[in-house]
Structure formats: C-alpha cells, structure tokens
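Listed below are the residues making up each chain.
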Amino acid sequence: MIGEGYVDYRGTRMSAEQALSQSGLRKNRLGPKDALAIVSSNVLAAGETSLLADHTEKLVNTANLIYALSLEGFDGNITPLNPRIIETRAALVRNALEGSYLWDGHQRLSLQDPLSFRGGFSIHGSVRDALDIVKKTLTVFVNVSTLRSERLAGLA
C-alpha cells in the first residue's frame, strides 16, 4: 500500500509500486503513528476472519439447500420442521422447501428418517448462531482502532 516490497498481482510477481501503477492506485503516504498502527494491530487477522465468516455463511446457506433437496430426494419426514416445534432454526429449511411436494400430506415411504435429516436443521442453526457471534464481534473489532476502544466495547 506504500509501494514498497513485492506482490503477486494478477498472477505475476512484481514490485508493489508497479502493481499500484497498473491497478490505477496511488501509494499511501503514512502519517504519524500509521506504521505503528499497521504493525501492531490485528487488522489482517480480522480481515481474514471476516472473509472466512462470509465464506462460512455461504457454506451454511448451501448446506441448508442441500439438506432441503436431500429431504425431498429421500421423501423425508418434515414434522421436525413444524413451526410450532422450533421456529427460528427450522424456518430457513422450511423456506427452502416452499412449494415442495413434501408438504402435500402424502404417505411417507419410510417410518423414520436418518438422524442426519431429523437434526440437520438444528445443527445448521447452531453453526449459524456461532457465526452470528463471530460477525457481531468482528463488526465491533474492525470499527475500533485502539485497545482502549476494545475495552470500551467489552472485547479486551
């Protein structure tokens, strides 16, 4: 970001200055305490964690769709998804099954689904709960710049 060192840009190793030039970006000029803030912060880890949280959320969304399609393919029992049983966690899978033949009340092919089908929405919900905690913490963390701010946010 200050044009020093080397980077991999579009699959080619080159000087940072050359990469900035090719991308149309200008070098940043560091001011007082900028270098200290860069080397003593956890912003890189927070950025990586933010990307990981985003990928995880997409994975959980995909897992819910796979779960819903698997229920249809297995002619699964959707009773555990009943809104009166567990509202929040089952809602995501219920929404994915909107319009499915599973809701028409037909005679099920099997008496009981595999355990992975009976508890899948709950497991996905637990992952989503943990992900929400990570996202909430990251939101506060990436918006504070000092340890004092982290203490004020209750994170340190």
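Structure shown above.
Remember, predicted model here, so these are calculated numbers, not experimental data.

**Things to note about the environment of Asn 95**
Turning to its location among the elements, Asn 95 is positioned in helix 4 (residues 87-96). We classify Asn 95 as exposed; its relative accessible area is 52%. With 30 residues separating them along the chain, Asn 95 and Leu 65 place their C-alpha atoms 9.7 Å apart.

**Section: the pairing of strand 1 (residues 6-9)**
Two strands pair when backbone bridges link them, and strand 1 and strand 2 (residues 12-15) are joined in this way by four bridges, in the antiparallel orientation. Residue pairing for strand 2: Asp 8 is matched across the bridge by Arg 13. Connecting strand 1 to the next strand, strand 2, in antiparallel fashion are two residues, including Arg 10 with a positive phi near 55 degrees.

**With respect to the nonpolar core**
Counting eleven residues, the largest nonpolar core consists of Tyr 67, Ala 68, Leu 71, Ile 78, Leu 81, Ala 90, Val 93, Leu 97, Leu 102, Phe 117 and Phe 121. For this core, the secondary structure elements donating two or more residues are helix 3 (43-74), helix 4 and helix 5 (115-141). Broken down by element, this core gets its largest block of residues, three residues, from helix 3.

**Notes on the pattern of salt bridges**
In this structure the tally under the stated criterion is four salt bridges. Two residues, Asp 8 and Arg 13, come together in a salt bridge whose shortest N-O distance is 3.8 Å. Residue Asp 8 is classed as exposed on the basis of its relative accessible area, which comes to 60%. Between Asp 54 and Lys 58 there is a salt bridge whose closest N-O contact spans 3.1 Å. Of the two residues, Asp 54 and Lys 58 are both situated in helix 3; the distance of four residues between them amounts to about one turn of the helix.

About the thresholds
- Residues numbered from 1 in each chain as written.
- Predicted model: local features only at pLDDT ≥ 70, side-chain atom pairs only at ≥ 80, totals over all residues.
- Heavy atoms only, no water.
- Helix = DSSP H or I, 4+ residues; strand = E, 2+ residues; numbered from the N terminus.
- Buried < 20%, exposed > 50% of the residue type's maximum accessible area, 1.4 Å probe, protein only.
- Pairing = 2+ DSSP bridges.
- Core = buried A, V, L, I, M, F, W, Y, C linked by side-chain atoms within 4.5 Å.
- Salt bridge = Lys/Arg side-chain N within 4 Å of Asp/Glu carboxyl O.

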